[in-house]
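# What the coordinates show
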2 protein chains.
Amino acid sequence: MKMIQSSKLNSFPKLRSYFDREEYVARVEKVRSAMLAKGIELLLVADPSNIAWVCGYDGYSFYNHQFVAVPLRGDPIWYGRGSDMNGARATVFMDDDCVTGYPEEYVQRDLHPMEHFSREVIMARGWEGLAVGVEMDSFYFTAATLHTMQKLLPTSTWIDATNLVNWQRAVKSKREIEYMRIGGRILEKIYEQIVDEIRPGLRKNELVANIYATAIRGVDTFGGDYPSIVPIVPTGIEAATPHLTWDDSTFQLGAGTFFEVAGVYRRYHCPVSRTVYLGEPPAKFLHAEQAVIEGIEAGLLMAKPGNCCQDIAEAFFASMRKHGIKKGGRVGYPIGMSYPPDWGERTMSLRVGDLTVLESGMSFHFMPGLWFDDWGLEITESILITDDGVECLSHVPRKLFVKS
Amino acid sequence: MKMIQSSKLNSFPKLRSYFDREEYVARVEKVRSAMLAKGIELLLVADPSNIAWVCGYDGYSFYNHQFVAVPLRGDPIWYGRGSDMNGARATVFMDDDCVTGYPEEYVQRDLHPMEHFSREVIMARGWEGLAVGVEMDSFYFTAATLHTMQKLLPTSTWIDATNLVNWQRAVKSKREIEYMRIGGRILEKIYEQIVDEIRPGLRKNELVANIYATAIRGVDTFGGDYPSIVPIVPTGIEAATPHLTWDDSTFQLGAGTFFEVAGVYRRYHCPVSRTVYLGEPPAKFLHAEQAVIEGIEAGLLMAKPGNCCQDIAEAFFASMRKHGIKKGGRVGYPIGMSYPPDWGERTMSLRVGDLTVLESGMSFHFMPGLWFDDWGLEITESILITDDGVECLSHVPRKLFVKS
């Protein structure tokens, strides 16, 4: 019965489905509870990670405006560029009548897609006058997006829903955890390769070429996916900057390089950083290594349901103070499904003052990067809060790697 | 004298500089002319490609708020996350006193960086009350960014400057063209590999792994950079969708796959698409191949200074009509420097109605993708308008590749 109905409704086959319909329905229900709590009658989701999590949409099309609209009743509506509607039909859990889009004349011209959206979705469905939740501070929700709708929909009210969906993503399902663990296994292969291949004189882009190849080749039958942040591999004084990308210079004897890379499976990320020193590491590297490893161990002991984000950070900072290293700010953020430009979920932070209570199924990049005036060191772990403690999502030896 | 002054002013070394200071100064002057024409006294640039083009900033840090402020006099001001200031000092053309940032408590919390920016940059420099140009419809310029500033700076006026900088990027300098040609050479290697390796039974992620490796390994001593759009490789009915990314399924005999990939050098992109058919291609593929190739040849004849964007599109569409293929919309967009999520410049389009006059030094992805109900074909070229005509930026055989 269901299949006949589907084949009648859907003009394009479902090519990919990484979660059951039941899981998406449960996600939408979680989102609706959060909407009700904020008085939102219609939620407009712009963040591509949130769009994918809510409805399954997968595609590298977020350089044009696209959204998912979640009403209080009925399936969500995917809305994007007309030529991407087949891609939406192929990947979302909803039937084809929930996929709609704007014609080419709204693509990168004077006409804004939200003029079309306001008329063809909001007005056409009688949704003017609703309280609309919008992700005010999401990249991909531009100032012009809001202003265009405000002009055309004067009776609507607008409620800031930044991170509303992100928060629903915090506790991972069994299937999501499975995908992250596969990411972790891919990551282990990446680090085996890095430590094996890095040597003085090797050009950075050559090592990064092989990192990408290993990451996308994947593990067993599981093909790897692209990371939302490209591999970061700064050496020497470059390592005093967290986000410089590679160039075609060579690795040098007598310098440390930190690697910030992720294993990715079906958009689920497992990022981990390690530092490699070529030659005899100076005392400051060994000192920082010891401090960070102790800090991570102390933090992991506090990583369990019932404790809060701050507890992990405080345990880490206590170890740093013991070793005389000044380090503030945050030492981690939640991870899971993600599209560029970020692989963090942008909700909680592992920092002092964040009293969010840890729950089984939450996952974090425990990321205490040390960036000094002219060098840096990163040793990090991706972790999953379990029923009674914590699990590392990949098993890369936790140390400063030294090759001489 | 200059060097002594620099070493006094700058606490962090300039690690990378891909263009002379003179080129950046000329770019800023072009931007200022456009500002004056619009009555803008201070321009706030959010698009990472525009930021990099204006001042040289390079780093994968655009998942947090960052901007370049261009005043009418004096060097631009880089503004971003405090921990990225070293990365800015290392890459921008300006001295260190033009690099400023916000502390960690403004990172992904209730506090918005624009509260800090409004006080510490705008008010601190006496810039309240100015007419501020803002990229209203740029991803990375969120609705919250504007609203936060509007609340704190009630005497400022706000002028839409979407694409103002993008338009200044249209005509490329000699150095930029050099970088794009290197991208084109990298792309030729990528296609040699694709045609060599693709076969029925090969998993897509395995081929994409090798595409990435070749792309980043680069050519001669020129290391490759990451593409702003990941390789798109849809097969069979998937090719009816333009933006589905790869998975770990296998290539099949009796199906076409189009490849949309770019060679990238120092953020300059040269994208080109080709289609590969495994087995004996059906007549519709051969027919479409012939129509597209003739259409591209017709379009290239119109690609010269003095003609306009529309002329290329019309020549292409005429060939399509001759072959009985219905194709509308746009068949290309300008390219150059780019950061995710797009590699297009988002200004002109090769489409009917776009009367922008072509100038020597403009570069486009001439991209007439054909997406039918259950298959697709892409044969495209990246082109440079020269003094008297057009140059293809890479030389991949222009045809439907067939492997049987």
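Residue numbers run consecutively from 1 along every chain, following the written order of its sequence. Each chain takes a letter, starting from A, and each ligand takes a number, starting from 1, following the order in which they are written. Totals for whole chains, interfaces and linings use all residues, but because this is a predicted model, local features are given only for residues with pLDDT of at least 70 and pairs of side-chain atoms are given and counted only at 80 or more. As a convention, hydrogens and water are excluded, and side-chain values are obtained from all of the structure's heavy atoms.

Numbering of helices and strands runs from the N terminus; a helix is a DSSP stretch of H or I covering at least four residues, while a strand is a stretch of E covering at least two. Within chain A, the regular secondary structure consists of 11 helices and 15 strands. C-alpha atoms define the radius of gyration in this analysis, and the globule rule sets the expected value at 2.2 Å times the number of residues to the power 0.38. Taking 404 residues into account, the globule formula puts the C-alpha radius of gyration at 22 Å, and chain A, at 23 Å, falls close to it. The 404 residues of chain A split such that 66% are buried. In what follows, residue pairs with any heavy atoms lying within 4.5 Å of each other are defined as contacts. The contacts in chain A between residues at least 6 apart in sequence include a share of 70% that link residues at least 24 apart. Values of accessible area rely on a 1.4 Å probe in the Shrake-Rupley scheme; residue burial ignores everything except the protein chains shown. When the accessible area of chain A is evaluated, it comes to approximately 13,800 Å², of which 52% is carbon and sulfur surface. Two residue types count as positive, namely Lys and Arg, and two as negative, namely Asp and Glu; His and chain ends fall outside the count. Where a charge lies is defined by one atom per residue type, namely NZ (Lys), CZ (Arg), CG (Asp) and CD (Glu). Positive and negative side-chain charges of chain A, numbering 42 and 51 respectively, have mean locations separated by a distance of 2 Å. Burial status follows relative accessibility: with a 1.4 Å probe on protein chains alone, a residue under 20% of its type maximum counts as buried, one over 50% as exposed, and anything between as partly exposed.

What follows covers the packing of helix 5 (residues 113–123) of chain B against helix 6 (residues 143–152) of chain B. Residues and elements named next belong to chain B. Lines fitted to C-alpha atoms define the axes, with helix axes restricted to the stretch in contact, and inter-axis angles between N-to-C directions lie between 0 and 180 degrees. One way to put it is that helix 5 packs onto helix 6 with a least axis distance of 9 Å and a crossing angle of 50°. Taken together, the axes of helix 5 and helix 6 lie oblique to each other. The handedness of the crossing between helix 5 and helix 6 comes out as right-handed. Contact with helix 5, carried on its side by Met114, Glu115, Phe117, Ser118 and Met123, involves Thr145, Thr148, Met149 and Leu152 of helix 6 and no other residues of that element. Should an angle fall under 35 degrees it is taken as roughly parallel, and over 145 as roughly antiparallel, whereas 65 to 115 is taken as roughly perpendicular and any remaining angle as oblique. Crossing handedness is read from the near helix: turned anticlockwise from the far helix by less than a right angle, it gives a left-handed crossing, and turned clockwise, a right-handed one.

What follows concerns the pairing of strand 5 (residues 131–134) of chain B. Residues and elements named next belong to chain B. Side-chain alternation along strand 5 places Ala131 and Gly133 on one buried face and Val132 and Val134 on a second face that is also buried. Note: two strands are recorded as paired if DSSP finds a minimum of 2 bridges between them. Both strand 1 (residues 42–45) and strand 5 contribute to a ladder of 3 bridges, which runs parallel. Of the residues in strand 5, the one forming a bridge with Leu43 is Gly133. Summarising the sheet, strand 5 and strand 6 (residues 157–160) pair through 4 bridges and their orientation is parallel. Paired with Gly133 across the strands is Ile159, a residue of strand 6. Looking down the strands as they point away from you, a crossover is right-handed if its path from the first strand over the helix to the second goes clockwise. On the question of chirality, the crossover connecting strand 5 to the parallel strand 6 by way of helix 6 is right-handed.

What follows deals with the sheet that holds strand 7 (residues 255–265) of chain B. All names here are of chain B. As summarised here, the arrangement of the 3 strands in space is 7-8-15, forming an open sheet in which the pairing is mixed. Each edge of the open sheet carries a strand with a single partner, namely strand 7 and strand 15 (401–403). Pairwise comparison of adjacent strand axes, ignoring direction, gives a mean angle of 30° for this sheet.

Taken residue by residue, the interface counts 79 residues in chain A and 79 residues in chain B. Reported buried area values correspond to the accessible surface (1.4 Å probe) lost by two parts on association, with both partners' losses combined. Taking both partners together, chain A and chain B bury about 6,800 Å²; carbon and sulfur atoms supply 56% of that area. Looking only at chain A, the three residues that lose the most surface to chain B are Tyr60, Tyr63 and His243 of chain A, adding up to 11% of its buried area. Each salt bridge in this description consists of a side-chain nitrogen of Lys or Arg and a carboxyl oxygen of Asp or Glu lying within 4 Å of one another. Our count for the contact surface shared by chain A and chain B stands at 4 salt bridges. Arg16 of chain A is paired through a salt bridge with Asp247 of chain B; the nearest N and O atoms lie 3.6 Å apart. Sorting the residues of the side of chain A that touches chain B by element identifies helix 4 (85–91), helix 6 (143–152) and helix 9 (204–217) of chain A as the ones contributing at least two each.

Looking now at the packing of helix 2 (residues 21–38) of chain B against helix 3 (residues 48–55) of chain B. Residues and elements named next belong to chain B. Packing of helix 2 against helix 3 leaves a shortest axis separation of 7 Å and a crossing angle of 120°. Our classification of the angle between helix 2 and helix 3 gives oblique. On helix 3, the residues that touch Tyr24, Arg27, Val28 and Val31 of helix 2 are Ala52, Trp53, Val54 and Cys55. Only Asp, Glu, Lys and Arg are considered charged in this grouping, and only Ala, Val, Leu, Ile, Met, Phe, Trp, Tyr, Cys and Pro are considered nonpolar; every other residue, Gly among them, is considered polar. Of the residues assigned to the contact of helix 2 with helix 3, the class counts are 7 nonpolar, no polar and 1 charged.

How big an interface is tends to be reported as the loss of accessible area on association of its parts. Residue and element names in this part refer to chain A. One can read the domain layout of chain A as domain 1 (4–168) and domain 2 (174–403). For every domain, the bounds stem from an assignment made automatically or drawn from a database. Between the C-alpha centres of domain 1 and domain 2 the distance comes to 33 Å. Taken together, the contact between domain 1 and domain 2 spans 18 residues of the former and 17 residues of the latter. Each partner contributes to the roughly 1,500 Å² buried at the junction of domain 1 and domain 2, and carbon and sulfur atoms together form 61% of this total. Taken as a group, Tyr18, Phe19 and Trp167 account for 33% of the area that domain 1 buries against domain 2, more than any other trio of residues on that side. Counting every contact that joins domain 1 to domain 2 gives 1 salt bridge. Between Arg27 and Glu176 there is a salt bridge, with its nearest N and O atoms 3.7 Å apart. In protein, a polar contact requires one atom able to donate a hydrogen and another able to accept it; more generally it is a pair of N or O atoms within 3.5 Å, and residues adjacent in sequence count only if both atoms are side-chain atoms. Applying the counting criterion to the domain 1 and domain 2 interface returns 8 residue pairs in polar contact (both at pLDDT 80 or more).

Let us now look at the relation of the copies chain A and chain B. When chain A is brought onto chain B, the operation consists of a screw motion whose angular component is 180° and whose axial shift is 0.0 Å, with 0.0 Å RMSD remaining. On the angle and the small slide along the axis, the relation comes out as a two-fold axis. Both copies share a contact surface, since 100% of the interface residues of chain A are interface residues in chain B too. A residue counts toward the fit only if its pLDDT is at least 70 in both copies, and the copies are then superposed by least squares on the C-alpha atoms of those residues.

This brings us to helix 6 of chain B. Of the residues making up helix 6 of chain B, those classed as buried are Ala143, Ala144, Thr145, Leu146, Thr148 and Met149 of chain B. On its buried side, helix 6 of chain B packs onto helix 6 of chain A together with strand 1, strand 2 (67–71), helix 5, strand 5 and strand 6 of chain B.

Classification of ring pairs uses Phe, Tyr and Trp, with its six-membered ring standing for Trp, and accepts pairs whose centres are within 6.5 Å; under 30 degrees between planes counts as stacked, over 60 as edge-to-face, and the remaining range as tilted. Across all of its chains, the model carries 49 aromatic pairs over all chains by this definition. Ring geometry for Tyr57 of chain B against Trp78 of chain B: centres 5.0 Å apart, planes inclined by 50°, an arrangement best described as tilted. With Tyr57 of chain B in the loop between helix 3 and strand 2 and Trp78 of chain B in strand 3 (residues 77–81), the pair connects residues that are 21 residues apart, well separated along the chain. For the residue pair Tyr57 of chain B and Trp78 of chain B, the accessibility class agrees, reading buried in each case. By definition here, charges over rings are those cases where NZ of Lys or CZ of Arg is within 6 Å of the ring centre and within 35 degrees of the ring normal. One residue, Arg27 of chain A, lies across the ring of Phe19 of chain A, its end atom 4.3 Å from the ring centre. Directly above the ring of Tyr226 of chain B sits Arg267 of chain B, whose terminal nitrogen or CZ lies 3.7 Å from the centroid.

The next subject is the environment of Ala90 of chain B. All names here are of chain B. The residue Ala90 is located in helix 4 (residues 85–91) in this model. The class of Ala90 is buried, set by a relative accessible area of 0%. Put simply, Ala90 and Asp58 are 32 residues apart on the chain and 8.8 Å apart in space, counted from C-alpha to C-alpha.

With that settled, consider the pattern of salt bridges. Under the definition given, this model contains 40 salt bridges over all chains. For the salt bridge of Glu23 of chain B with Arg27 of chain B, the shortest nitrogen-to-oxygen distance reads 2.9 Å. Taken as a pair, Glu23 of chain B and Arg27 of chain B lie in helix 2 at a separation of 4 residues, close to a single helical turn. Classification of Arg27 of chain B by relative accessible area gives buried; the value is 3%. Salt bridges sharing common partners tie together Arg16 and Asp58 of chain A together with Lys204, Glu238 and Asp247 of chain B.

Let us look at the pairing of strand 13 (residues 381–385) of chain A. All names here are of chain A. Extensive coverage of strand 13 is indicated by the burial of 5 of its 5 residues. Burial of strand 13 is two-sided: the residues Glu381, Ile383 and Ile385 facing one way and the residues Ser382 and Leu384 facing the other way are all buried. With 4 bridges connecting them, strand 10 (residues 363–366) and strand 13 associate as antiparallel partners. In the strand pairing of strand 13, Ser363 is matched with Leu384. Summarising the sheet, strand 13 and strand 14 (residues 390–392) pair through 3 bridges and their orientation is antiparallel. Across the sheet, the residue bridging to Leu384 is Glu391, located in strand 14. Following strand 13, the chain reverses through 4 residues before pairing antiparallel with strand 14.

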